[in-house]
There are 4 protein chains.
Amino acid sequence: MGIRVTVYGENVHEKKNRTVADLYPEGMHAAIAGALNRGEGIEATTVTLQEPEHGLTAEKLAQTDVLIWWGHAAHGDVQDAVVDRVCDAVWGGMGMIFLHSAHFSKPFKRLMGSPCNLTWREAGERERLWVTSRNHPIAAGIGDSFELENEEMYGEPFGVPEPLETVFVSWFQGGEVFRSGLTYKRGAGNVFYFRPGHETYPTYHDANVQRVIRNGVNWAYNPAARIADPSAAPNITVDIAPEKIVERGPKLHQDGEEGLR
Amino acid sequence: MGIRVTVYGENVHEKKNRTVADLYPEGMHAAIAGALNRGEGIEATTVTLQEPEHGLTAEKLAQTDVLIWWGHAAHGDVQDAVVDRVCDAVWGGMGMIFLHSAHFSKPFKRLMGSPCNLTWREAGERERLWVTSRNHPIAAGIGDSFELENEEMYGEPFGVPEPLETVFVSWFQGGEVFRSGLTYKRGAGNVFYFRPGHETYPTYHDANVQRVIRNGVNWAYNPAARIADPSAAPNITVDIAPEKIVERGPKLHQDGEEGLR
Amino acid sequence: MGIRVTVYGENVHEKKNRTVADLYPEGMHAAIAGALNRGEGIEATTVTLQEPEHGLTAEKLAQTDVLIWWGHAAHGDVQDAVVDRVCDAVWGGMGMIFLHSAHFSKPFKRLMGSPCNLTWREAGERERLWVTSRNHPIAAGIGDSFELENEEMYGEPFGVPEPLETVFVSWFQGGEVFRSGLTYKRGAGNVFYFRPGHETYPTYHDANVQRVIRNGVNWAYNPAARIADPSAAPNITVDIAPEKIVERGPKLHQDGEEGLR
Amino acid sequence: MGIRVTVYGENVHEKKNRTVADLYPEGMHAAIAGALNRGEGIEATTVTLQEPEHGLTAEKLAQTDVLIWWGHAAHGDVQDAVVDRVCDAVWGGMGMIFLHSAHFSKPFKRLMGSPCNLTWREAGERERLWVTSRNHPIAAGIGDSFELENEEMYGEPFGVPEPLETVFVSWFQGGEVFRSGLTYKRGAGNVFYFRPGHETYPTYHDANVQRVIRNGVNWAYNPAARIADPSAAPNITVDIAPEKIVERGPKLHQDGEEGLR
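J.: Help me understand the overall build of chain A, please; the structure alone is not making it clear to me.
T.: When its secondary structure is counted, chain A shows 7 helices and 9 strands. Here chain A holds 261 residues, and the buried ones make up 61% of them. Considering only intrachain contacts with a sequence separation of at least 6, the fraction spanning at least 24 residues in chain A is 71%.

Here's what the structure looks like:
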């Protein structure tokens, strides 16, 4: 069995905007999942905002090794309970990839703990992504750079924490730069942000973009068993302490009592 | 005028528990602020959970250079609107220090984007903090290590993101270790987590602990003006782009339109 | 074909010290390689200080995916030309694992750019390694901690740069702590430092230690082709610049001239 | 007394090349030091390659809080003994700033442990530096970006380790990007790399560049006393161990013996 990928698509502009519908007749999520399924070793399915619980039930997340998120127009419609569930899955070890305008999605903002803002311009300008970490597995098969002839500009300062590694930095025709490939770890889960993918351009049909997303899935995937309760804070009482010690001094808690939250 | 510090104290166990009340008759927040005020260059005030808006009004935060947070029993009673306001201030450039059990406070979990969990034991055991980043300003005046004869144990794995720098690592008598001094940046704000400070021990009367907190204030303080809207995502249209470019291709947005969130 | 590992052993104390010889009759390098060869997917060979060029010829390095280094008594006898060659291979993409006293080996100091010093004590005390990055591939199959009943102590401050990730922190019976598993990237190469392995104790016969080294090999291995000249600094003249530009202003270099070093 | 800055200038092209001599009649080092001396709180002096020991005697380094390094044509002429001394001073707590072509200087390569290579083009093109870490002290007083109308291009991939923080990223007219402001810590010393400064352009007369260098000095400066022997590795024998332990098992070293290197 391959790596089980779930692609979340907001699926709003595909329905409302003729340009987007023409580029992605089955939806952007379907284009992304389709490209992943054409290669070996990945089994990708899709879910959308419009489904109950956005398709992201506890069962679905339990069967997801890596979750890919694309959203733009309707971040606010994503239910907070689903966001909690997604973050919990990441903390337990699920990999997660955020694409483009998902920088303002609820789960990305929650996992980053920072504003996640940027500057932007929708002018169909040229973007060139440069690899800043040579031979990084996410850049496998990409040379030192690749181009997208038409893309939305995202500019610095990008309001995210310093990453584990900066993998790509983008050059834009209009004069801006952007850290466009960033890796993080949150709890036991690997997180990758990848910038390209404005919905009015054919970005997800680009071979290099597809390759980076595939590489990102392989990088984010962790074969270890999901941690059941990734927020547990166990009380290691003196009788089970690694070293023999004797309890001293005043206490707040009685033995066996739960910790405070 | 010195650095303006506000110390948030939960002020619950000081009222309910005789041991804590005896150690900190004016409250733990008052002990922390008092130690800061005894030195030069810092003007510390206090606020508590019980005040309206926990004392953390927009006005108070605007006059706070560094916010220190201690809470344990009543994390859940902190209003979400105040948590939003505090995180916004950090993103705009306010420094913030989280002490001990504040690892499970709402603003720390929000800023970390991770579970922030750990293991624990209340046995009055010995803790020894080792400096892992020589000459770090937060460790100024501390040698290679210092001891606290009685402390609560916190053990790894600590569910936080990899920090900018690990400044202290703790040894515990019962056999555990803990990364007990960690630095982060979130938006424009410097964040420092410092482990010691269980309420049933006289930790905040310890000279080394007081020195580290003072150093932490100096480190976290940023003299730059607070960013007014740290989440703003301005549209840099072609007419104001740094380089002259011509708009191309299909668009979602009309000129002057706000971006989507 | 599996991952090709070369284990460098200094092979000095095995010849001089009866305790070490009894523990590792074929040498420590042979014990380490043997453990790797007992599993699937790795083909380990050994080289020693005493061989011409310490066995680390250009040919040998070209056939090495991951190099493991153990040395202690004779760091100074390692030829500088070989150190250069090893660092060059790392920069080109070879993985490298440094064990225990290799913290003071020439290639480790060269790759870290820092003093790499620490405190130490040879007293056969208990060490307990705690995982600080849950589900990290290097800690796969290890629980939250494991023990070594007799080890040399290494203590903080450890004079190394802040790592990409801190994977293990050690507790020592005598009161010290140590960041005992650290990851780095240098050029295109992954580097892992792992602390245990004093020669007078049976550490490399320990199942957990063997597992971590195996995991480390899998983590450090990069299937990408080795970069031929990892220090090349190509001149991208205006005629091959990604964007059309016109040369302006005064110049030091004539076209086609090499850069300065 | 202010922060004591020493500016090392290679002082070769100023003597050989008319353009450089016209721009910097007293030498580039003098221009850099002069700008620092025009403000408050810094006392800058200069040394050059041509002086005995390049002016960087043990006495001079002992009186230097922050060393600034500019070199290009004659990296190979810098004596290895002086490089060792400089790195030792950094490890002991001296701040250090590397400018432009100093990316290939011996002390930078030594401190980074990596190839430090890049791509380049001398075409007088426009560079725009974007701030990627808002309110970072090194970017104080700079807005979100600033421009240099004529600069040499440096392009990614830049062969350096992942920094503590990426402070600036440059956009170049010819299509490249570069991480042009990077912070590191090596031993107890703060290290800042800042890209601009090709010798045929008036870069060090630019007010923004001067401001960043000044900010960099303030950031790199550490008031703590210099560590006398930053590579010392003391033996903490059982009689001085923090916790009472009894020596066990076989030993290599006799008590009081020096460790191996």
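J.: What exactly am I supposed to notice about the packing of helix 3 (residues 28–38) of chain D against helix 7 (residues 207–220) of chain D here?
T.: The description of two helices packed together rests on the angle between their axes and the distance between the axes. All names here are of chain D. Viewed as axis vectors pointing N to C, helix 3 and helix 7 meet at an angle of 70°, and their least axial separation amounts to 10 Å. By the angle class used here, helix 3 and helix 7 are roughly perpendicular. Residues Ile32, Ala35 and Leu36 of helix 3 form the contact with helix 7, whose own contacting residues are Gln210, Ile213, Arg214 and Val217. When its residues are assigned to classes, the contact of helix 3 with helix 7 shows 5 nonpolar, 1 polar and 1 charged.

J.: It is not clear to me how the interface of chain A and chain B should be interpreted in this structure. Could you clarify?
T.: In many reports, interface size means the accessible area that the parts give up when they come together. Taken together, the 64 residues of chain A in the interface contact 64 residues of chain B. When contributions to the side of chain A that touches chain B are tallied by element, the ones reaching two or more residues are helix 6 (106–112), strand 5 (119–131), strand 6 (145–155) and strand 8 (177–186) of chain A. In terms of residue class, the side of chain A that touches chain B is made up of 25 nonpolar, 25 polar and 14 charged.

J.: Where do I start with helix 3 (residues 28–37) of chain C in this structure?
T.: Helical periodicity: at 3.6 residues per turn, an α-helix aligns residues three or four positions apart in one direction. Residues and elements named next belong to chain C. Counting buried positions along helix 3 gives 7 out of 10 residues, so the element sits mostly inside the fold. Taken residue by residue, helix 3 has Met28, His29, Ala31, Ile32, Ala33, Ala35 and Leu36 as its buried positions. Against the buried residues of helix 3 lie strand 1 (3–9), helix 1 (13–16), strand 2 (42–48), strand 3 (66–70) and helix 7 (207–220).

J.: Looking at this structure, I do not really get the interface of chain A and chain C. What am I missing?
T.: Between chain A and chain C, the contact holds 15 residues from the first and 15 residues from the second. A per-class count over the side of chain A that touches chain C returns 6 nonpolar, 5 polar and 4 charged.

J.: Even after reading the chapter, I still don't get the sheet that holds strand 6 (residues 145–155) of chain C, so can you show me in this structure?
T.: Whenever strands of a sheet pair, they do so through backbone hydrogen bonds, lying parallel or antiparallel. All names here are of chain C. Spatial ordering of the open sheet is given by 2-1-3-4-9-8-7-5-6, a layout of 9 strands whose pairing is mixed. The strands lining the two open edges of the sheet, one partner per strand, are strand 2 and strand 6. If you compare each strand with its neighbour and ignore which way they point, the axes differ by 25° on average. Bridging between strand 7 (residues 165–172) and strand 8 (residues 177–186) involves 6 bridges; their strand directions are antiparallel. Bridging across to strand 8, phenylalanine 168 finds its partner in glycine 181. Helix 3 contacts strand 1, strand 2 and strand 3 of the sheet and is inclined by roughly 170° relative to strand 2.

J.: Looking at this structure, I do not really get the pairing of strand 5 of chain A. What am I missing?
T.: Residues in a regular strand project their side chains so that they alternate between the two faces of the sheet. All names here are of chain A. The element strand 5 is largely enclosed, with a buried count of 12 among its 13 residues. Bridge analysis of strand 5 against strand 6 gives 8 bridges, and the strand direction is antiparallel. Within the sheet, the bridge partner assigned to tryptophan 130 lies in strand 6 and is serine 145. Pairing between strand 5 and strand 7 (residues 165–172): 5 bridges, direction antiparallel. Residue arginine 128 lies in a different strand from strand 7, and its bridge partner there is tryptophan 171.

J.: Help me out: how do you make sense of the relation of the copies chain A and chain C in this one?
T.: Here the second copy of the chain follows from the first by a rotation about an axis and a shift along it. It takes a turn of 180° to lay chain A on chain C, together with a shift of 0.0 Å along the axis; the resulting RMSD is 0.0 Å. Both copies are brought into coincidence by an operation consistent with a two-fold rotation axis. Of every C-alpha in chain A, the one belonging to A:Leu164 sits nearest the axis of rotation, 3.1 Å from it.

J.: Looking at this structure, I do not really get the relation of the copies chain A and chain B. What am I missing?
T.: With an axial shift of 0.0 Å and an RMSD of 0.0 Å, the rotation relating chain A to chain B amounts to 180°. Interface residue correspondence from chain A to chain B reaches 100%, placing this contact among same-surface, isologous pairings.

J.: I tried to follow the pairing of strand 7 (residues 165–172) of chain B on my own but got confused; where do I start?
T.: Extensive coverage of strand 7 of chain B is indicated by the burial of 7 of its 8 residues. Joining the antiparallel neighbours strand 7 of chain B and strand 8 (residues 177–186) of chain B is a turn of 4 residues, in which B:Gly175 adopts a positive phi near 115°.

J.: Help me out: how do you make sense of the sheet that holds strand 4 (residues 95–99) of chain B in this one?
T.: All names here are of chain B. Spatially, 2-1-3-4-9-8-7-5-6 is the arrangement adopted by the 9 strands of the open sheet, whose pairing is mixed. The two strands at the open ends of the sheet, each matched to only one other strand, are strand 2 (42–48) and strand 6 (145–155). Taken over all neighbouring pairs, the strand axes of this sheet differ in orientation by 25° on average, direction set aside. Relative to strand 3 (residues 66–70), strand 1 (residues 3–9) runs parallel, the two sharing 5 bridges. Note that in strand 3 the partner of glycine 9 across the bridge is tryptophan 70. Across the face of the sheet, helix 3 (residues 28–37) comes into contact with strand 1, strand 2 and strand 3 while running at roughly 170° to strand 2. Lying on the sheet, helix 7 (residues 207–220) is in contact with strand 1, strand 2, strand 3, strand 4, strand 6 and strand 9 (189–194); it crosses strand 9 at an angle near 165°.

J.: Looking at this structure, I do not really get the nonpolar core. What am I missing?
T.: One recurring pattern in soluble globular proteins is that nonpolar side chains are buried together. Core analysis: the largest hydrophobic core is formed by 295 residues, its most contacted members being A:Ile97, B:Ile97, C:Ile68, C:Ile97 and D:Ile97. Setting aside anything within four residues of it in sequence, one finds A:Ile97 in contact with A:Val66, A:Ile68, A:Phe192, A:Phe194, A:Ile213, A:Gly216, A:Val217 and A:Ala220.

J.: Would you mind showing me how to read the environment of A:Pro230 here?
T.: Residues and elements named next belong to chain A. Residue position: proline 230 is located in the segment after helix 7 (207–220). The buried category is assigned to proline 230, around which 23 C-beta atoms lie within 10 Å. Separated by 141 residues in the primary sequence, proline 230 and alanine 89 have C-alpha atoms spaced 8.4 Å apart.

J.: Looking at this model, I keep getting lost on the environment of A:Val167. Mind explaining?
T.: Residue and element names in this part refer to chain A. Considering the arrangement of structural elements, one finds valine 167 in strand 7. For the pair formed by valine 167 and tyrosine 8, sequence separation is 159 residues and the distance between their alpha carbons is 23 Å. Each residue touching valine 167, except ones within four places of it in the same chain, is listed here: Val131, Thr132, Ser133, His136, Ile138, Ala139, Gly181, Leu182 and Thr183.

J.: When you look at the environment of C:Ile32 in this model, what are you seeing that I'm missing?
T.: Residue and element names in this part refer to chain C. Tracing the backbone shows isoleucine 32 in helix 3. Remark: the alpha-carbon pair of isoleucine 32 and tryptophan 171, spanning 139 residues in sequence, is separated by 24 Å. Residue contacts for isoleucine 32: discarding those within four places in its chain leaves Val7, Ile68, Tyr204 and Ile213.

J.: Which parts of the structure should I look at to understand unusual backbone geometry?
T.: Residues other than glycine predominantly adopt negative phi, and peptide bonds predominantly adopt the trans conformation. Residues and elements named next belong to chain A. For the peptide bond that leads from glutamate 156 to proline 157, omega is 0°, which places it in the cis range. With respect to the helices and strands, the residue proline 157 is situated in the loop between strand 6 and strand 7. The phi dihedral of histidine 54 falls on the positive side, at around 55°, and the residue is not glycine. With respect to the helices and strands, histidine 54 occurs in the loop between strand 2 (42–48) and helix 4 (58–62). If you check the backbone angles, asparagine 135 has positive phi at about 65° while not being a glycine. Looking at where asparagine 135 falls in the secondary structure, it is placed in the loop between strand 5 and strand 6.

J.: I'm lost on the confidence of the model for chain A in this one. Help?
T.: Here chain A shows a mean pLDDT of 96. Residues at 70 or above account for 99%. Listed scores for the predicted complex are pTM 0.97 and ipTM 0.96.

Quick notes on the rules
- Residues numbered from 1 in each chain as written.
- Chains lettered and ligands numbered in written order.
- Predicted model: local features only at pLDDT ≥ 70, side-chain atom pairs only at ≥ 80, totals over all residues.
- Helix = DSSP H or I, 4+ residues; strand = E, 2+ residues; numbered from the N terminus.
- Buried ≥ 20, exposed ≤ 12 C-beta atoms within 10 Å, placed from the backbone.
- Contact = placed C-beta atoms within 7 Å.
- Axes fitted to C-alpha atoms, helices over the stretch in contact; angles between N-to-C directions.
- Parallel < 35°, antiparallel > 145°, perpendicular 65-115°, else oblique.
- Nonpolar A, V, L, I, M, F, W, Y, C, P; charged D, E, K, R; others polar.
- Pairing = 2+ DSSP bridges.
- Least-squares fit on C-alpha atoms with pLDDT ≥ 70 in both.
- Core = buried A, V, L, I, M, F, W, Y, C linked by C-beta atoms within 7 Å.
- pLDDT = per-residue confidence, 0-100.

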